[in-house]
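The residues making up each chain are set out below.
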Amino acid sequence: MSAQSHPEPTEGPSRRTMLRGAGAVGAVGIAAAVGVGAAGGAAAAATRPAADDRAAAGAEHSAVAAGAPLVVYLRDAASGELDVFSGTSHTVIRDPALVARLTHAVR
Amino acid sequence: MSSHREAPEISKDPVADSTDVYAFVSPDRPDTVTLIANYIPLQGPAGGPNFYSFGDDVLYEIHIDNDGNGQDNLTYAFRFQTKLRDPNTFLYNTGPILSLDSPNWNSRQFYSVTRSQHGKSVVIGENLPCPPCNIGPLSTPHYATLANEAVHGIANGIKVFAGQRAEGFYVDLGSIFDLANLRPFEELHAQYGMHVFSKPADGVNATAQLNVHSIALQIPTSELLRPGKHGEADPASVIGVWTTASRQRVTVWDDWQGENLNAGPFRQVSRLGNPLFNEVLIPLGSKDLWNSLPPTDDKRFASYVAHPELAGLLPALYPDVFPNLEKLVKAGTARADLEAILLTGIPSDIVKGFQNYTGPEQADMLRLNTAIKPSKKPNALGVIGGDLAGFPNGRRVFDDVVTIELRAIAGVTVPLVDKTYKPDAAAGAITDGLTAKSVPGGYLDNFPYLGVPHSGFSTP
């Protein structure tokens with residue numbers, strides 16, 4: 001279906017900032033072939049698809065299971081929210097503990 | 001340019017950079033409409049060994065709105081896949097390419113076409129081969145025939161082509177981007193007191209020997225329209241067309257694989273409907289934002305259409321040449337003529353025998369009244385030249401959109417909405433000095449209408 005019908009949420013990172021963020025080693029963005037397990041245990045509290053991406057969210061687990069990469073992006077540590085991308089899906093996970101561990105790991 | 005490198009971010013991403021959109025009733029198959037979306041601007045034909053190709057990681061789409069709300073009712077989506085026969089050679093081809101399945105052709109590209117309508121998506125073409133780029137007499141000795149093999153018939157009488165074509169859009173970039181100089185009138189330019197030009201000169205077509213990549217569809221008209229009466233005066237005969245390119249939200253350089261890794265939903269990074277809309281009307285700081293938005297958001301930018309910056313520049317750059325335009329601009333008069341042409345379509349009773357109005361929703365779409373038959377004697381100036389089958393009634397490959405839009409912005413179309421306004425004499429005369437004859441290879445009489453691409457050998 002048309003990408004047109006799923007407009008970018010205004011609060012979300014733009015593609016351009018994503019590219020910059022992902023490309024910058026210092027940014028807290030991680031890519032893992034299979035990394036969702038570690039995050040998943042700690043993140044059981046709140047996992048929700050981004051409002052604009054619910055249609056694609058169901059594809060995430062199958063994409064990861066098929067070996068597709070999973071990318072986690074932390075735009076704002078204070079929010080405790082992580083954007084998780086895999087396949088063509090985008091899910092927002094709220095997990096302040098994981099965010100704290102990640103930010104601590106890159107200090 | 002029409003939309004080549006028109007915004008800061010997309011200018012760094014050529015495979016996703018839309019350059020031109022065309023929509024017209026096919027002159028040789030008038031029961032069909034031809035839609036063309038061009039990408040990858042300013043291709044030097046000799047650009048090997050990795051000759052140009054569509055982005056395997058880009059979602060290309062052509063959208064059609066048939067009920068005037070600025071949202072697509074019908075979308076054709078294109079995804080490409082590059083396949084190497086032999087990754088152990090540096091060569092694009094290892095001998096002459098005489099067919100689309102030539103064993104000598106190493107780097108080939110294939111694509112799928114998906115039609116989305118009423119919430120359902122159906123793949124209507126798969127594994128369709130693109131033609132190679134036009135390299136030269138040894139590599140692609142029968143290029144026109146070879147490229148013609150890449151015109152595919154798919155579902156419901158639709159023809160499709162995706163591949164390299166000669167650039168059909170003509171424009172004097174060198175002069176226009178030199179502070180809006182127009183060579184045929186350059187002695188009238190203020191020249192900032194430098195007195196560089198003392199006499200007129202001929203225009204120079206900066207795109208004359210360059211190629212683009214085209215995605216072209218020829219579709220039965222009945223497939224594009226909403227139900228209703230489909231005469232020239234009927235709203236249901238009008239469609240709005242635009243193209244978009246989208247990328248996945250995340251790209252990471254994977255240094256294990258030595259390639260980019262993509263993830264996440266697709267997001268729009270390029271959009272194009274009317275030529276020059278984003279290029280000339282939208283200010284630099286908003287161009288990439290505009291590219292990311294749907295046409296339904298164009299009301300946010302309507303003030304740039306109503307008060308175009310270029311209309312204010314012309315009287316300043318050409319002193320005493322546009323006195324009536326200068327008064328119009330100084331009075332702060334909103335340009336209802338441009339708003340109609342670009343944002344809503346032209347209602348009935350404005351131009352005799354013509355309408356392409358889609359309603360009050362302001363949206364940049366290329367609007368085509370599909371009931372208007374192709375002209376037997378086309379005029380590249382389209383509607384302002386008395387040819388109702390040309391721009392801004394859709395756009396044909398040879399339409400002189402630079403001259404048309406220059407003249408419109410200069411005020412020649414103001415009397416459509418204000419009979420008391422008298423355009424300056426210069427408004428009906430300005431041009432960058434080019435015509436369709438400035439395109440050296442010309443155009444084709446049949447699908448995909450844009451000319452055979454220039455070869456690298458003959459255009460090094």
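Note that the coordinates shown come from a computational prediction; the quantities given were computed from them, not determined experimentally.

Asks: Describe the sheet that holds strand S2 (residues 32-43) of chain B, and please don't skip the residues or the numbers.
Replies: Residue and element names in this part refer to chain B. Pairing in this open sheet of five strands is antiparallel, and the strands run S1-S2-S9-S8-S7 from one edge to the other. Of all the strands in the sheet, the pair left with one neighbour each is strand S1 (18-25) and strand S7 (152-153). Bridge analysis of S1 against S2 gives seven bridges, and the strand direction is antiparallel. Note on S2: the bridge partner recorded for Asp-20 is Asn-38.

Asks: So what's going on with the environment of Ala-16 of chain B? Residues and values would help.
Replies: Residues and elements named next belong to chain B. Of note, Ala-16 is situated in the segment before S1. Between the alpha carbons of Ala-16 and Gln-248 there is a distance of 12 Å; along the sequence they are 232 residues apart. Excluding anything up to four places from it in sequence, Ala-16 contacts Ile-10, Gly-55, Val-58, Ala-245, Arg-247, Val-269 and Ser-270.

Asks: So what's going on with the nonpolar core? Residues and values would help.
Replies: All names here are of chain B. Grouped together as the largest cluster of nonpolar side chains are 108 residues, with contacts concentrated most on Val-21, Ala-23, Tyr-60, Val-241 and Ala-410. Tallying contributions element by element places helix H10 (residues 401-412) first for this core, with eight residues. Setting aside its immediate chain neighbours within four residues, Val-241 contacts Val-21, Ala-23, Leu-35, Ile-62, His-63, Ile-64, Gly-273, Met-365, Leu-366 and Leu-368.

Asks: Report on the packing of helix H7 (residues 309-317) of chain B against helix H8 (residues 323-330) of chain B, specifying residues and quantitative values.
Replies: Residue and element names in this part refer to chain B. Viewed as axis vectors pointing N to C, H7 and H8 meet at an angle of 135°, and their least axial separation amounts to 9 Å. It follows that H7 is oblique to H8 by the angle criterion. Relative to H8, H7 is oriented so that their crossing is left-handed. Contacts between H7 and H8 involve Ala-311, Gly-312, Leu-314 and Pro-315 from the first element and Leu-325, Glu-326 and Val-329 from the second. Partitioned by chemical class, the residues of the contact of H7 with H8 number five nonpolar, one polar and one charged.

What counts, and at which threshold
Residues numbered from 1 in each chain as written. Chains lettered and ligands numbered in written order. Predicted model: local features only at pLDDT ≥ 70, side-chain atom pairs only at ≥ 80, totals over all residues. Pairing = 2+ DSSP bridges. Helix = DSSP H or I, 4+ residues; strand = E, 2+ residues; numbered from the N terminus. Contact = placed C-beta atoms within 7 Å. Core = buried A, V, L, I, M, F, W, Y, C linked by C-beta atoms within 7 Å. Buried ≥ 20, exposed ≤ 12 C-beta atoms within 10 Å, placed from the backbone. Axes fitted to C-alpha atoms, helices over the stretch in contact; angles between N-to-C directions. Parallel < 35°, antiparallel > 145°, perpendicular 65-115°, else oblique. Left-handed = near helix turned anticlockwise from the far one by under 90°. Nonpolar A, V, L, I, M, F, W, Y, C, P; charged D, E, K, R; others polar.

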